[in-house]
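Residues per chain, in single letters:
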Amino acid sequence: MSTADAPPDAPATPTAPKGALFIVFLVVFIDLLGFGIVLPLLPRFAEQFLRDVSDAGRGVVIGLMYSVFSLMQFVFAPVWGRVSDRIGRRPILMLGLAGSVVFYGLFAYASQLPPELATLAVTLLFVSRIGAGIAGASVSTAQAVIADCTTPEKRSKGMALIGAAFGIGFTFGPLIAWAGEEVFQDAAWGPGAMASALSLVALGLAVWLLPETRRPGGVPSEKKLFSLSRTKGVLAMPTVGTLVLIYFLAIFGFANFEATLSLFTEAAFGMGRRDNYLVFAYVGFVLMLAQGGLYRRLAGKVPDEGLLKAGVVMMLLGLGGMAAIAFGVVGGTDPRALKWVFYVVMAVAVTGFAFVNPSASALVSKRSDPQRQGEVLGVNQAFAALGRILGPLLGLTLFGLESSHTLPYFAAAGLLLVVAALLPRIRREN
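Keep in mind it's a predicted model, so treat the numbers as computed, not measured.

What counts as what
Residues numbered from 1 in each chain as written. Predicted model: local features only at pLDDT ≥ 70, side-chain atom pairs only at ≥ 80, totals over all residues. Heavy atoms only, no water. Helix = DSSP H or I, 4+ residues; strand = E, 2+ residues; numbered from the N terminus. Buried < 20%, exposed > 50% of the residue type's maximum accessible area, 1.4 Å probe, protein only. Contact = heavy atoms within 4.5 Å. Areas by Shrake-Rupley, 256 points an atom, 1.4 Å probe, with all protein chains shown as cover. Patch = residues over 30% accessible without salt bridge, like charges linked within 9 Å, V, L, I, M, F, W, Y side chains within 5 Å. Salt bridge = Lys/Arg side-chain N within 4 Å of Asp/Glu carboxyl O. Lys, Arg positive; Asp, Glu negative; His and termini not counted. Charge placed at Lys NZ, Arg CZ, Asp CG, Glu CD. Phe/Tyr/Trp six-rings, centres within 6.5 Å; stacked < 30°, edge-to-face > 60°. Core = buried A, V, L, I, M, F, W, Y, C linked by side-chain atoms within 4.5 Å. Axes fitted to C-alpha atoms, helices over the stretch in contact; angles between N-to-C directions. Parallel < 35°, antiparallel > 145°, perpendicular 65-115°, else oblique. Left-handed = near helix turned anticlockwise from the far one by under 90°. Nonpolar A, V, L, I, M, F, W, Y, C, P; charged D, E, K, R; others polar. pLDDT = per-residue confidence, 0-100.

## Considering the overall build of the chain
Scanning the chain from terminus to terminus reveals 15 helices and 0 strands. Expressed as a percentage of its 430 residues, the buried residues of the chain come to 56%. Look at the contacts in the chain between residues 6 or more apart in sequence, and 85% of them connect residues 24 or more apart. Of the accessible surface of the chain, which amounts to about 17300 Å², a share of 68% is contributed by carbon and sulfur atoms.

Here you go:
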């Protein structure tokens, strides 16, 4: 689109300070570091207050604690994006970080309550997850900052910064949680307090260093926080609806893999809880290298559609490889011989996801109204959150249906085949 074709209230090139990209990276990294610390510990803290509940009931409660976080992101990501289009990105990001400080602190408080206050503890754990989900939904606003600060040609490279921050956060978060089990053996509040403190550091950085990147002009006239009609309008935009569907299905499939990973490593290789901290750290490390290194080198040189297609192919190969490993274990192959293959296959799947994530977000951003970046990216993140709700529900249900444990990975591969069938529509609708 030439300058003459641009909307009258949207400048042809971004004028926001480029330093905002680095600050957003740090803010998202520190916030996700806190999330990565808390997440592996959630089942343990929940189980200590659910001793009188049946195994099935305990599983339901813990599953709901995981899902309610993504449910809040599904509801609030478009809200924060829409509000940030109207009042600016900076206040929304600071509000989200302040919420993380409060609700991770509440998690710490609930974790150290005595067993006789189990009902109160479980209630507060739920409240903390609900609040953290609402606060964490501001990640779509962080993506809007990237859109504000980059030209369309550099949009995918900018979006990869968010993915790299996620990857680094998920690498070191579980490692800190693992170390924290030694440091805070007699202080159950420790990990939650660490997450709250890290979010406080991120909030301080945002207050001190983050500039406002929202350019004036073209403010949406409708001021409703919750607007189904505007969400439908986003999905009706040419190509955008298809891209949102592609992103949702890819997240849905990958969440099958994430939710069953610790169960699979235990069943196939006998790994315990602390071993799985390292497995998840490995996932984050691969994600960090793939998005922060490989993807950013290719972005701008290879079209976003090509990077998206490559990511889908790698995810298919990786998830199909997981099913093959599961078959091999059941068939009697020595698990020690398959373990190194498992790490390779997992790296392929994670690298594929690292390509899909920023490519889809960049394409959604570039094919939408520059004055509605927060709202459109919020809708995209909302459907990603929906995929993170449905993926674990499907994956964990399928995992126990038969002894080979292959069904979650076949289901994920099937979703990726649907994504592959949708890819040609991106070019036709563009």
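Resuming the write-up.
## Some words on a positive patch on the surface
On the surface, a cluster of positive charge is made up of Lys 154, Lys 157, Arg 297 and Lys 301. Relative to the assigned elements, Lys 301 resides in the loop between α11 (273-298) and α12 (304-330).

## A few points about the packing of aromatic side chains
Taken as a whole, this structure holds 13 aromatic pairs when the rule is applied. Aromatic pair Phe 254 and Phe 257: ring centres 5.3 Å apart, planes at 50 degrees, arrangement tilted. Of this pair, Phe 254 and Phe 257 are both found in helix α10 (residues 240-269), 3 residues apart, which corresponds to roughly one turn of the helix. For the residue pair Phe 254 and Phe 257, the accessibility class agrees, reading buried in each case. Measuring from ring centre to ring centre gives 4.2 Å for Phe 254 and Phe 353, while their planes differ by 5 degrees; the resulting arrangement is stacked. You can see Phe 254 sitting in helix α10 and its partner Phe 353 sitting in helix α13 (residues 335-366), a full 99 residues away along the chain.

## Considering the nonpolar core
In this structure, Phe 257, Phe 264, Phe 269, Leu 308, Phe 342, Met 346 and Val 350 are the most contacted members of the largest nonpolar core, which totals 110 residues. A total of 16 residues in this core trace back to one element, the largest contributor, which is α10. Counting residues in each nonpolar core, the second largest holds 9 residues, with Phe 76, Ile 92, Ala 137 and Ala 382 among its members.

## Here we look at the pattern of salt bridges
Going through the model one piece at a time under the given rule, you end up with 5 salt bridges. With its nearest N and O atoms 2.8 Å apart, the salt bridge here joins Asp 148 to Arg 89. Separated by 59 residues along the polypeptide, Asp 148 in helix α6 (residues 139-149) and Arg 89 in helix α4 (residues 89-111) bring together distant segments of the chain. Assessed through its relative accessible area of 3%, Asp 148 is described here as buried. With a shortest N-O distance of 2.4 Å, Lys 366 and Asp 304 are connected by a salt bridge. One end of the pair, Lys 366, is in helix α13; the other, Asp 304, is in helix α12, and 62 residues separate them in sequence. Judged by its relative accessible area of 32%, Lys 366 is partly exposed. For Asp 304, a relative accessible area of 5% translates into the label buried. If you follow the salt bridges from partner to partner, you end up with Asp 85, Arg 89 and Asp 148 in one network.

## Observations concerning the packing of α10 against α13
Running from amino to carboxyl end, α10 crosses α13 at an angle of 160 degrees, the nearest separation of the two axes being 10 Å. In terms of orientation, α10 and α13 fall into the roughly antiparallel class. In terms of crossing hand, the pair formed by α10 and α13 is left-handed. Looking at the contact of α10 with α13 residue by residue, the classes come out as 22 nonpolar, 3 polar and 1 charged.

## Brief notes about the environment of Ile 130
Within the secondary structure, Ile 130 is located in helix α5 (residues 118-136). Taking the relative accessible area as the measure of exposure, Ile 130 reaches 31% and is therefore partly exposed. Among all residues touching Ile 130, those that are not within four sequence positions of it are Val 68 and Met 72.

## Side note on the confidence of the model for the chain
With 85% of its residues at a pLDDT of at least 70, the chain reaches an overall mean of 80. Contacts of residues 1-15 to residues separated by more than four positions or lying in other chains number 17 contacts, the stretch itself having pLDDT below 50.

## Details of the side chain of Ser 361
Structurally, Ser 361 is set in helix α13. A residue is classified by how much of its surface remains accessible, and Ser 361, at 1% relative accessible area, is buried. If we ignore the near neighbours within four places in the chain, the residues touching Ser 361 are Gln 143, Met 159, Tyr 247, Leu 377, Asn 380 and Gln 381.

## So, the packing of α4 against α6
Geometry of a packed helix pair, given as the angle between the helix axes and the separation of the axes. The contact between α4 and α6 brings their axes to 9 Å, and the two run at 150 degrees. As judged from the angle between their axes, α4 and α6 are roughly antiparallel. In the crossing of α4 with α6, the sense of the turn from one axis to the other is left-handed. From α4, Arg 89, Ile 92 and Leu 93 reach across to α6, where they touch Thr 141, Ala 142, Ala 144, Val 145 and Asp 148. A class-by-class count of the residues in the contact of α4 with α6 yields 5 nonpolar, 1 polar and 2 charged.

## So, the environment of Met 237
Mapped onto the elements of the fold, Met 237 is located in the loop between α9 (228-235) and α10. Along the chain, Met 237 and Arg 367 lie 130 residues apart, while their C-alpha atoms are 8.4 Å from each other. Not counting residues up to four positions away in its chain, the partners in contact with Met 237 are Ser 368, Arg 372 and Val 376.

## Considerations on the environment of Leu 377
With respect to the helices and strands, Leu 377 occurs in helix α14 (residues 373-399). The spatial distance from the C-alpha of Leu 377 to the C-alpha of Pro 78 is 7.5 Å, given a sequence separation of 299 residues. Every residue in contact with Leu 377, bar those within four places of it in the chain, is listed here: Ser 140, Gln 143, Ala 144, Ala 147, Met 159, Ser 361, Val 364 and Ser 365.

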